[in-house]
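Summary of the model geometry
Here are the chains, one letter per residue:
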Amino acid sequence: MDNKEWFRKAEFGMMVHFGLYSVLGGEYRGTRVKTYAEWIQSYCAIPNRAYDELTRVFNPIYFDAEEWIRLAKDCGMQYFVMTSKHHEGFAMYHSKADKFNVVDATPFGRDITAELAEACYKYGLKFGLYYSQELDWHEPNGGGYTNHEPCAGVSWDNSWDFKDAEKKNFDRCFAEKIKPQVEEILTGYGDLCLIWFDVPHTISPAQSLELNNLVKHYQPNCLINSRIGNGAYDYVSLGDNEIPQEPPEEALESQNMNDLAGYKFSPYGLYETAGTMNDSWGFRYYDQNWKTPEAIAENRKKLNSLGVNYLLNMGPDGLGRMPSMAVENLRKAAELMQ
């Protein structure tokens, strides 16, 4: 089936934010993150030399790819999206382009992305990958240094290790790490239904188009979300947890294509909202503000009525366990949605 037609009918999917930040659980040296837990390195301005120490203890012994995928399938989800690399720059797959990855740098030593891809194939779910194509706090030339708007940390870029923005050159990071890693995830994990790029600020129109061309070269049927930047996308990602009240107007070409929220022009009329189970994407041990089963069911009903898919996020802890309250509420919501 053409992925555009499949996406239009999919309605419901699961996203998972899992990385080194999951070990910290939202707290570093007595400071609790008040925003998103996966932003803890920026929120606490943790130097890379200290953050790298997390690789020594990252050993999610309870991670079970089939358990995660069965949960998604049992709850009526049609696709599964995993964070292959978040803003911290740590790859949750075996990257040849950078040793800062789950196989080479941790005692766990297993390719989590590969195991999830296999489980999706086994249980009949479509598989997609999140990839932070601009922000990379592990890199001196990671992007974001041109954006001075508020964010979930002290800055969009790593301004604590690499202070002089004038010396930063995103072109270098793009050529040496971003492009090679995008090529890796396109060629190493089977058919992808989509790539979920995130936060365009420093990335140029030419670079966004270059990534688009790379995706379409290797996987012509793989969909690209709007956060690739500069309009080089197949479908629109609305803002975090955004629940619109009305369907989009027919023409929205005047909308800023790099805004993270709100309707934009969608070339195929495809839209999606990614939402959280509580107030964070990554695991935050003290965040017990779980959405009720009724709220989850109502959000999906509202979004689907507007032609918007609901991509609902889970944040496992550092041992690879899904929070039991989140799982319980999701299962109860699935019963309500039947």
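Before reading further, recall that the structure is shown in the block above.
Residues numbered from 1 in each chain as written. Predicted model: local features only at pLDDT ≥ 70, side-chain atom pairs only at ≥ 80, totals over all residues. Heavy atoms only, no water.

A closer look at the pattern of salt bridges
When their charged atoms lie close together, side chains carrying opposite charge are able to pair. Taken as a whole and assessed by the stated rule, the structure comprises 22 salt bridges. Close ionic contact of Lys216 with Asp234 constitutes a salt bridge, the shortest N to O distance being 2.7 Å. Note that Lys216 is positioned in helix 8 (residues 205–218) and Asp234 in the loop between strand 7 (223–224) and strand 8 (236–237), a separation of 18 residues in sequence. For Asp317, the salt bridge is made with Arg321, and the minimal N-O distance between the two is 2.8 Å. We classify Arg321 as partly exposed; its relative accessible area is 42%. (Salt bridge = Lys/Arg side-chain N within 4 Å of Asp/Glu carboxyl O. Helix = DSSP H or I, 4+ residues; strand = E, 2+ residues; numbered from the N terminus. Buried < 20%, exposed > 50% of the residue type's maximum accessible area, 1.4 Å probe, protein only.)

Some points on helix 9 (residues 293–305)
With 13 residues, helix 9 extends 18 Å from end C-alpha to end C-alpha; this agrees with the ideal 18 Å at 1.5 Å per step. Restricting attention to buried positions, one finds in helix 9 the residues Pro293, Ile296, Ala297, Asn299, Arg300, Leu303 and Asn304. Along the long axis of helix 9, the arc covered by the buried residues comes to 160 degrees, so they all point the same way. Among the exposed residues of helix 9, those oriented more than 90 degrees off its buried face are Glu294, Lys301 and Ser305. On its buried face, helix 9 is in contact with strand 1 (12–16), strand 9 (271–276), strand 10 (308–314) and helix 10 (324–337). Just beyond helix 9, the residue with positive phi is Gly307, at close to 80 degrees. (Expected span 1.5 Å × (residues − 1). Arc of directions from axis to C-beta. Contact = heavy atoms within 4.5 Å.)

Things to note about the packing of aromatic side chains
In total, this model carries 20 aromatic pairs according to the counting rule given. Measuring from ring centre to ring centre gives 6.0 Å for Phe170 and Phe174, while their planes differ by 55 degrees; the resulting arrangement is tilted. Within this pair, Phe170 and its partner Phe174 are both found in helix 7 (residues 170–188), separated by four residues, close to a single helical turn. Residue classification places Phe170 among the buried positions, given a relative accessible area of 2%. Look at Phe174 and you get buried, because its relative accessible area is 3%. Ring centres of Tyr263 and Tyr271 lie 5.1 Å apart, and the angle between their planes is 90 degrees; on these two criteria the pair is classed as edge-to-face. Take Tyr263 and Tyr271: they sit in the same class, and that class is buried. Cluster of aromatic residues (ring-pair linked, three or more members): Phe18, Phe58, Phe63, Trp68, Phe90, Phe100 and Phe108. Here the guanidinium or amino end of Lys4 rests over the ring plane of Tyr268, the centre of that ring lying 4.7 Å away. (Phe/Tyr/Trp six-rings, centres within 6.5 Å; stacked < 30°, edge-to-face > 60°. Lys NZ or Arg CZ within 6 Å of the ring centre and 35° of its normal.)

Considerations on the nonpolar core
Core analysis: the biggest nonpolar cluster contains 85 residues, and Phe80, Met82, Ile112, Leu116, Met314 and Leu330 have the highest contact counts within it. No other element matches helix 7, which puts seven residues into this core. Apart from the residues lying within four places of it in its own chain, the contact partners of Met314 are Met14, Met15, Val16, His17, Leu71, Met277, Trp281, Met322, Ala326, Val327 and Leu330. (Core = buried A, V, L, I, M, F, W, Y, C linked by side-chain atoms within 4.5 Å.)

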